[in-house]
Amino acid sequence: MIGEAVKHAEDLKQLALDDSIVSLNRENEDEARGKLCSELSKGVSALIDLSWSPWEEAEHLASEAGVPIIRTALGPQPLVAAIDRYLESRNATDAAILLESEIDVDKVLYELLGRSNTRIWVHAGLTRDSARALKTMRPDPSFYVLVGGSGFVMETYKRAVKEKLVRRVYRWNLVFTDYLDLSALDLSSVVQPTMILQAHPEDCCRIIASKDCTCSDSFEKTQATLNSLIAYLVDAFGRIDGTFMVKARVDCGDVHSDMSDTKEALHRIFVEDIDNNETVFYWDQERSGLFLRHRYVLSSYKPDSGLEAVAVWSANQEYRLLPGVTLEPLKHFFRVGTSPAVPWTLPKLDPETGDPLYNEDGQPIYEGYCVDLIQKLSEAMNFDYEIVSPRSGGFGRRLPNGSWDGVVGDLTTGETDIAVAALTMTAEREEVIDFVAPYFEQTGILIAIRKPIRKTSLFKFMTVLRTEVWLSIVAALVLTGFMIWLLEKYSPYSAKNNPGAYPYPCRDFTLKESFWFALTSFTPQGGGEAPKALSGRTLVAAYWLFVVLMLATFTANLAAFLTVERMQTPVSSLEQLARQSRINYTVVEGSSTHQYFINMKFAEDTLYRVWKEITLNATSDQAQYRVWDYPIREQYGHILLAINASGPVADAETGFKQVNDHTDADFAFIHDSAEIKYEVTRNCNLTEVGELFAEQPYAIAVQQGSRLQEDISRALLELQKERFLEQLASKYWNETLRQSCSDADESEGITLESLGGVFIATLFGLGLAMITLAWEVFYYKRKEKNKVQSTKENVERPPIKSAKLGGKMAVGVARLRKRATKIGKKKNVTIGDSFKPSVSYISVYPKGDYRP
């Protein structure tokens, strides 16, 4: 290519040129230096450096000898430098660059090292291995750049889409090194909004010095660039005092030359042409090189709206957007680590099958408190995110080799940028990660136990008093009723035995009436009319006092009995749980709760050992250590023994299931308070007992030294002002769900099951009354039937004309005190107005046919 370029300049300028090529081997520079000195000793007019990076030895020799040295770039370096300017304007921190060949990789690396502020990853092509490397690269590249011909770029992009690397908008940048018209290029395979950079198609014609041309895919850009460069140098030398090139011999041992004036004159010509847009090359004073004066065109492509130019600038100018064009702000992207915990991070389930859902990368899809918090933070801080689960471990614990697993381990290795989970703040974790201000401070350890299933009885009110008390009450009632009858019968001052003292109708206390009086005295309306005799009244007064006391005692005990029954719980604190032996309890194996009891047991043992050493080694005043009891309780040791005896469970779900299965409330589960409260609101059988202990806040974590710590803290403060965190708490710990439980209203009153026996007794009385009514109706009808039959028999007999009664009637015995008296049981039998006991007559007539 160099030979063809020299020949092209000779034909163009009608002169003879001589050239020599020195191959530079960076691993053996002495050999290259010797060859360079050999060529310089023959005479040279200029050095053209086509290496990928400046060779200091050549620059030193040229500088000492005053020989002009011109650098240039024949590969994709200028376009890569142009896209680097754009990435810096987008605040890029890192980028992955894919090129056509390994040679282009080296060229780009030499071009960007020391000049770019972006962390870069460069690779030749995109294979399955390199795609996997890009997926696992941490942190994720902010941008991806494809550099090469249109064929290579589009094929590589399709491979990236297939490997699921193209996910975010404007993150992929296509840089075309050829001069094709983009309007004729098929961009249908571009699935996300993308930025496209290329040199203006007209630059091809300027390189080959043609006004009307078309550059095809086979256009040799490198050859055309060399042709134009050497021709431009020949022309520049010809413009120095009207002379042509000056040749000078340089001895590397004694560097001396008289070409300094020529070098300065040549540089002046290059500087004069910087602002001359008609020239193909421009002079870069900092890099001492001539580079193509490309006009770069940056376009935005959207699959739905097509291609739109957003910036056009020259290679020797700064990158700037076209007037009226504004680029969409790009969001930062962060990988957010989390670990399953109820209700913080819950695996999302398929509503039809109930199976966990996964995204296209095989990661589980989550929902819950932390997921809602992540979403709100992303909106407040304007970033995109991806939720990642740790490959091993849960929230994070230190391994024997000093490393960490779980969410904390992913932060330390750079696998994730942020950790939003039920992550407690500990001093051990703060050694390797940084915590943000807590987002949830009301967490700790609680005890969950099943509500005891109370034995319901419709006659529970009867259990307030023991059986012997009820029997005593019945005996008192019977005895009182009998004594009232007895006193009424034999007292000379009773209404029965002293009717003259009571001219008005009085209650006749028969044995039946006495028992009725004793029974009704237990009612609020009382037993009614009391006996008249003083002895009877004394008995009734004592009985009434007994009734008042018994009713008051029964009422008070019934209220206390039913109230205490609703409030009764097996245990009310961790201390009570440790002291008793009926209720077994457990924790989740390896959880923070389990570790808490292990640590407390260790603290107890340590304190005991220290106290024992103090007491045994005390040399003076040992009396102060003489105590009856060990001053430190060993409850955590007993608790840990009980946990080991019951066996720690594998997960919280198993723990809650065991509690729910023990209907006698003889099993407890000690776990994280937030999860217990969440489960209690959704399981009517469970309840929490005791006070919260071992309180620790939950906080968001970031990598050590991350700038995100301050940004997230500020965003959390704003969310607290908006009461968003309170809204999340009320969403996932909704106490109103308890209202759906069957026993939710027990605190408001006594249930029907507790007093149902009272209604049953009333219904029993109603039923007995109906049975009595049926018997009375039956008895009455039978009696009426007998009357009718007796009347018929009397009608059939002839009336009695005269009969001597002799003081007694033939149909019955009666004491005659009035003018008309019913005799016996025959209502139809009457006596006349005149009646004498000695001789009397009676006539018997049918009913309705009365004659005196």
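About the cut-offs
Residues numbered from 1 in each chain as written. Predicted model: local features only at pLDDT ≥ 70, side-chain atom pairs only at ≥ 80, totals over all residues. Heavy atoms only, no water. Salt bridge = Lys/Arg side-chain N within 4 Å of Asp/Glu carboxyl O. Helix = DSSP H or I, 4+ residues; strand = E, 2+ residues; numbered from the N terminus. Buried < 20%, exposed > 50% of the residue type's maximum accessible area, 1.4 Å probe, protein only. Axes fitted to C-alpha atoms, helices over the stretch in contact; angles between N-to-C directions. Parallel < 35°, antiparallel > 145°, perpendicular 65-115°, else oblique. Left-handed = near helix turned anticlockwise from the far one by under 90°. Contact = heavy atoms within 4.5 Å. Pairing = 2+ DSSP bridges. Polar contact = N/O pair within 3.5 Å; in protein donor to acceptor, adjacent residues only side chain to side chain. Phe/Tyr/Trp six-rings, centres within 6.5 Å; stacked < 30°, edge-to-face > 60°. Lys NZ or Arg CZ within 6 Å of the ring centre and 35° of its normal. Patch = residues over 30% accessible without salt bridge, like charges linked within 9 Å, V, L, I, M, F, W, Y side chains within 5 Å. Areas by Shrake-Rupley, 256 points an atom, 1.4 Å probe, with all protein chains shown as cover. Lys, Arg positive; Asp, Glu negative; His and termini not counted. Charge placed at Lys NZ, Arg CZ, Asp CG, Glu CD. Arc of directions from axis to C-beta. Expected span 1.5 Å × (residues − 1). pLDDT = per-residue confidence, 0-100.

K.L.:
So, the pattern of salt bridges: which residues are in play, and what are the values?
P.N.:
Inspection of the entire model under this criterion finds 32 salt bridges. Arginine 71 is the salt-bridge partner of aspartate 49, the closest N and O atoms lying 3.4 Å from each other. With a gap of 22 residues between them, aspartate 49 in strand 1 (residues 47-49) and arginine 71 in strand 2 (residues 69-71) connect regions that are remote in the sequence. The same class applies to aspartate 49 as to arginine 71, namely buried. Its salt-bridge partner being glutamate 155, residue lysine 158 comes within 4.0 Å of it at the nearest N-O pair. Taken together, the residues span about one helical turn, with lysine 158 and glutamate 155 both in helix 7 (residues 150-162) at a distance of 3 residues. With relative accessibility at 41%, the residue lysine 158 sits in the partly exposed group.

K.L.:
Can you tell me about the packing of helix 14 (residues 467-490) against helix 15 (residues 511-520), naming the residues and giving the values?
P.N.:
Between helix 14 and helix 15, whose axes approach to 8 Å, the crossing angle comes to 135 degrees. On the basis of the axis angle, helix 14 is oblique to helix 15. Relative to helix 15, the crossing made by helix 14 is right-handed. Residues Leu477, Val478, Gly481, Phe482, Ile484 and Trp485 of helix 14 pack against Leu511, Ser514, Phe515, Phe517, Ala518 and Leu519 of helix 15.

K.L.:
Which residues make up the pairing of strand 3 (residues 94-99), and what values go with them?
P.N.:
Counted residue by residue, strand 3 has 6 buried out of 6 residues, so it is predominantly covered. Residues Asp94, Ala96 and Leu98 point to one face of strand 3 and Ala95, Ile97 and Leu99 to the other, with burial holding for every one of them. Bridge analysis of strand 3 against strand 4 (residues 119-124) gives 6 bridges, and the strand direction is parallel. The residue of strand 4 that forms the bridge with aspartate 94 is arginine 119.

K.L.:
Got a sec to walk through the packing of helix 1 (residues 2-13) against helix 9 (residues 221-238)? Specific residues and values, please.
P.N.:
For the pair helix 1 and helix 9, the least separation of the axes is 8 Å and the interaxial angle reads 45 degrees. The pairing of helix 1 with helix 9 is recorded here as oblique in orientation. By crossing handedness, the relation of helix 1 to helix 9 is classed as right-handed. Every residue of helix 9 that contacts helix 1 at Ile2, Glu4, Ala5, Val6, His8, Ala9, Leu12 and Lys13 is listed here: Gln223, Leu226, Asn227, Ile230, Ala231, Val234 and Asp235.

K.L.:
How would you summarise the pairing of strand 20 (residues 667-672) if you had to cite specific residues and measurements?
P.N.:
Of all 6 residues that make up strand 20, 6 are buried, and the element is covered over most of its length. With 3 bridges connecting them, strand 19 (residues 584-586) and strand 20 associate as parallel partners. The partner of tyrosine 585 across the bridge, within strand 20, is alanine 668.

K.L.:
Break down the environment of serine 314 for me, citing the residues and quoting the values.
P.N.:
Here serine 314 lies in strand 11 (residues 306-314). The spatial distance from the C-alpha of serine 314 to the C-alpha of valine 297 is 9.0 Å, given a sequence separation of 17 residues. Within the structure, the side chain of serine 314 is placed 2.7 Å from the side chain of asparagine 316, a separation counted as a polar contact.

K.L.:
Could you give an account of the sheet that holds strand 5 (residues 143-148), with specific residues and numbers?
P.N.:
The strand order 4-3-5-6-7-10-11 describes an open sheet built from 7 strands, whose pairing is mixed. Two strands close off the open sheet at either side, each with one partner strand: strand 4 and strand 11. Between one strand axis and the next, the sheet turns through 20 degrees on average, direction left out of account. Examined bridge by bridge, strand 5 and strand 6 (residues 172-176) share 5 bridges and lie parallel to one another. In the strand pairing of strand 6, leucine 146 is matched with leucine 174. Lying over the sheet, helix 7 contacts strand 3, strand 5, strand 6 and strand 7 (194-199), oriented at roughly 160 degrees with respect to strand 6.

K.L.:
Tell me about the environment of serine 713, and name the residues and values.
P.N.:
Mapped onto the elements of the fold, serine 713 is located in helix 22 (residues 708-721). Linking serine 713 and valine 436, residues 277 residues apart in sequence, is a C-alpha distance of 5.9 Å. In this structure, serine 713 is in contact with Val436 and Ala437, ignoring residues within four places of it in sequence. Looking at serine 713, its side chain comes within polar contact range of the main-chain oxygen of glutamine 709, at 2.8 Å.

K.L.:
Break down the packing of aromatic side chains for me, citing the residues and quoting the values.
P.N.:
For any pair of aromatic rings, geometry is given as the distance between the ring centres together with the angle between the planes. Here the structure, examined in full by the defined rule, presents 38 aromatic pairs. When the centroid spacing of 5.1 Å and the interplanar angle of 75 degrees are considered together, the rings of phenylalanine 656 and phenylalanine 669 count as edge-to-face. Of this pair, phenylalanine 656 sits in helix 20 (residues 652-661) while phenylalanine 669 sits in strand 20; the two residues are 13 residues apart in sequence, bridging distant segments of the chain. Between arginine 168 and the ring centre of phenylalanine 333, over which it is positioned, the NZ or CZ distance is 4.1 Å. A cation over a ring is seen here: arginine 171 above phenylalanine 143, with NZ or CZ 5.2 Å from the ring centre.

K.L.:
Describe a negative patch on the surface, listing the residues and the values that go with them.
P.N.:
A surface patch of negative charge is lined by Glu29, Asp30, Glu56 and Glu59. Counting residues per element, the ones that place at least two in the negative patch are helix 2 (29-41) and helix 3 (56-65). Glutamate 56 gets classed as exposed once you look at its relative accessible area, which sits at 67%.

K.L.:
For the side chain of threonine 279, give the residues involved together with the corresponding values.
P.N.:
For threonine 279, the position within the fold is in the loop between helix 10 (260-272) and strand 8 (281-284). Residue threonine 279 is classed as buried on the basis of its relative accessible area of 10%. Only 3.0 Å separates the side chain of threonine 279 from the backbone oxygen of phenylalanine 281, close enough to count as a polar contact. Ignoring any residue separated from it by four or fewer positions in sequence, one finds threonine 279 in contact with Arg206, Tyr232, Asp273 and Arg293.

K.L.:
Tell me about helix 5 (residues 102-112), residues and numbers included.
P.N.:
The set of residues buried in helix 5 consists of Asp104, Val105, Lys107, Val108, Glu111 and Leu112. All buried residues of helix 5 fall inside an arc of 165 degrees around its axis, so they share one side. Those residues of helix 5 hidden inside the fold are in contact with helix 4 (77-89), strand 3 and strand 4. At the C-terminal side of helix 5, glycine 114 shows a positive phi close to 85 degrees.

K.L.:
Quick rundown of helix 1? Include the residues and the values.
P.N.:
Here helix 1 spans 16 Å end to end across 12 residues, near enough to the 16 Å set by a 1.5 Å rise per residue. Of the residues making up helix 1, those classed as buried are Ala5, Val6 and Ala9. All buried residues of helix 1 lie within an arc of 100 degrees about the axis, which places them on one face of the element. In this structure, helix 1 carries Glu4 and Lys7 as exposed residues pointing more than 90 degrees from its buried face. Downstream of helix 1 by one or two residues, glutamine 14 has phi in the positive range, about 55 degrees.

K.L.:
Can you explain the confidence of the model for the protein? Please cite residues and give values.
P.N.:
Averaged over all residues, the pLDDT of the protein equals 82, while 85% of them reach at least 70. Low pLDDT, under 50, characterises residues 801-841; the predicted model gives this stretch 48 contacts beyond four residues in sequence or across chains. Residue range residues 847-852 is modelled with pLDDT below 50. Its contacts to residues more than four positions away, or to other chains, number 6 contacts.

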